[in-house]
Amino acid sequence: MKRIGILGGTFNPPHTGHLMIANEVRHALQLDEVWLMPTAVPPHKITTGDATAEQRLEMVKLAADEVEGLRASSYEIERGGVSFTYDTMSQLVLDEPDVHFHFIIGGDMIDQLPTWYRIEELLDIITFVGVKRPGATNASAIPVQLVETPQLDLSSTLIRQRFAEGGTVQLLVPPAVEAYIREERLYGSSTSSK
């Protein structure tokens, strides 16, 4: 069976931290690939200047192209709406019967796993992989395969703020993603970089 990691998220925008986590987990667990899967509807309210689902997917494609073994997945965006992890993964397991999925979560999510929708059924179909995150307990009664990765305290919120304020984003996002954001004038960015 193929072994595929899934790293889901809003990716508004995708950044170096996302790529590092996906790459580190892929190598640590010897996965065939890691798919970066943007959510269709972000869990927060859309604000002016935020990227659309299609723009977030395009940025993920540009970012994934930078790292061998990573690829963008449009699965949740094509499904549309808000979906629980159980809904997405149970359908994905049916669609890809020759794949064992490893669902990658951060330490903050590890702490919340017991409250996840249909968590016991999820445990029957996927393996949870946790990466430590600064400020989280990184522990749960739910079985999680922990992977040590360099801890980089980087967020999409910080990057959106940097674009809005005209600050530097060099080394925080891949150059192709920065160029796309400026071209599309996302997050209050200008077409020129500092």
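Counting restarts for each chain, with residues numbered from 1 along the sequence as it is written. Since the coordinates come from a predicted model, pLDDT governs what is reported: local features require at least 70, and pairs of side-chain atoms require 80 or more to be given and counted, while whole-chain, interface and lining totals use all residues. Computation of side-chain values covers all heavy atoms of the structure but excludes hydrogens and water.

Trainee: With reference to specific residues and values, describe the overall build of the protein.
Mentor: Helix and strand assignments follow DSSP, with helices taken as H or I runs no shorter than four residues and strands as E runs no shorter than two, numbered in order from the N terminus. Secondary structure summary: the protein contains eight helices and six strands in total. Along its sequence from the N terminus, the protein presents helices and strands in the succession β-α-β-α-β-α-α-β-α-α-β-β-α-α. With respect to the principal axes defined by its C-alpha atoms, the protein has extents near 50 × 30 × 30 Å. When the 194 residues of the protein are sorted by exposure, 45% land in the buried category. Intrachain contacts of the protein at a sequence separation of at least 6 include 68% that bridge at least 24 residues. About 9,900 Å² of surface is accessible on the protein, with carbon and sulfur atoms providing 49% of the total. Positive: Lys, Arg. Negative: Asp, Glu. His and the chain ends are not part of the count. Charged groups are reduced to one reference atom each: NZ for lysine, CZ for arginine, CG for aspartic acid, CD for glutamic acid. Treating the 16 positive side-chain charges of the protein as one cloud and the 26 negative ones as another, the clouds have centres 6 Å apart. Per-residue accessibility, obtained with a 1.4 Å probe over protein chains only, is compared with the maximum for each type, and a residue is labelled buried under 20%, exposed over 50%, and partly exposed between these values. Any pair of residues with heavy atoms lying within 4.5 Å of one another is described as a contacting pair. To be clear on the numbers: accessible area is Shrake-Rupley with a 1.4 Å probe, and residue cover counts the displayed protein chains and nothing else.

Trainee: Give me the lowdown on the nonpolar core, citing residues and values where you can.
Mentor: The set of buried Ala, Val, Leu, Ile, Met, Phe, Trp, Tyr and Cys residues whose side-chain atoms join them within 4.5 Å is what this entry labels a nonpolar core. Counting residues in each nonpolar core, the largest one holds 35 residues, and the members touching the most others are V25, V34, L36 and M59. Secondary structure elements with two or more residues in this core: helix 1 (16-29), strand 2 (33-38), helix 2 (53-64), strand 3 (70-72), strand 5 (126-131), helix 7 (156-165) and helix 8 (175-184). Among the elements that line this core, the one with the most residues is helix 2, at six residues. Those residues in contact with M59, other than ones at most four positions away along the chain, are F11, P13, P14, A51, V177, Y180, I181, L186 and Y187. F101, F103, I110 and L122 belong to the second largest nonpolar core, which has 20 residues in total.

Trainee: I'd like a rundown of the pairing of strand 1 (residues 2-9), residues and numbers included.
Mentor: Note on pairing: two strands pair once DSSP finds at least 2 bridges between them. Across six bridges, the pairing between strand 1 and strand 4 (residues 99-106) is parallel. Residue L7 lies in a different strand from strand 4, and its bridge partner there is I104. Here strand 1 runs beside strand 2; their pairing, made up of six bridges, is parallel. Within strand 2, the residue paired with G9 across the bridge is P38. Viewed with both strands pointing away, a crossover whose connecting path from the first strand over the helix to the second turns clockwise is right-handed. With helix 1 bridging strand 1 and the parallel strand 2, this β-α-β connection has right-handed handedness.

Trainee: Please provide a residue-by-residue account of the packing of aromatic side chains, values included.
Mentor: Put simply, two rings from Phe, Tyr or Trp (the six-membered ring, in Trp's case) pair if the centres are within 6.5 Å, and we call them stacked under 30 degrees between planes, edge-to-face over 60, tilted for the rest. A full pass over the atoms with the stated rule returns seven aromatic pairs. Between Y86 and Y117, the ring centres sit 6.2 Å apart and the planes meet at 80 degrees, which makes this aromatic pair edge-to-face. Separated by 31 residues along the polypeptide, Y86 in helix 4 (residues 85-95) and Y117 in the loop between helix 5 (107-112) and helix 6 (119-125) bring together distant segments of the chain. Each residue in the set F84, Y86 and Y117 is aromatic and connected to the rest through ring pairs, giving one cluster.

Trainee: Describe the environment of L36, with residues and values.
Mentor: Along the chain, the position of L36 falls in strand 2. Counting along the chain gives 28 residues from L36 to A64, while the straight-line C-alpha distance between them is 7.6 Å. Those residues in contact with L36, other than ones at most four positions away along the chain, are L7, F11, L19, A22, V60, A64, R71, A72 and S73.

Trainee: Residues and numbers for helix 7, please.
Mentor: Along helix 7, the positions that sit buried rather than exposed are S156, I159 and F163. When helix 7 is viewed along its axis, its buried side chains cluster within an angular range of 60 degrees and face the same direction. In helix 7, the exposed residues that point more than 90 degrees away from the buried face are A164 and E165. In the core, the buried residues of helix 7 are packed alongside helix 1 and helix 8. Just beyond helix 7, the residue with positive phi is G166, at close to 75 degrees. Here, the arc refers to the directions that run from the helix axis to the C-beta atoms.

Trainee: Tell me about the packing of helix 2 against helix 8, and please be specific about residues and values.
Mentor: Put simply, helix 2 and helix 8 touch, their axes get as near as 8 Å, and they point 155 degrees apart. In terms of orientation, helix 2 lies roughly antiparallel with respect to helix 8. Touching Q55, E58, M59, L62 and A63 of helix 2 are A176, V177, Y180, I181 and E184, all from helix 8. Of the residues assigned to the contact of helix 2 with helix 8, the class counts are seven nonpolar, one polar and two charged. Convention adopted: a line fitted to C-alpha atoms gives each axis, helices being fitted over their contacting stretch, and angles between N-to-C directions are expressed from 0 to 180 degrees. For classification purposes, angles smaller than 35 degrees are called roughly parallel, those larger than 145 roughly antiparallel, those between 65 and 115 roughly perpendicular, and all remaining angles oblique. When residues are grouped by polarity, Ala, Val, Leu, Ile, Met, Phe, Trp, Tyr, Cys and Pro land in nonpolar, Asp, Glu, Lys and Arg in charged, and all others, Gly among them, in polar.

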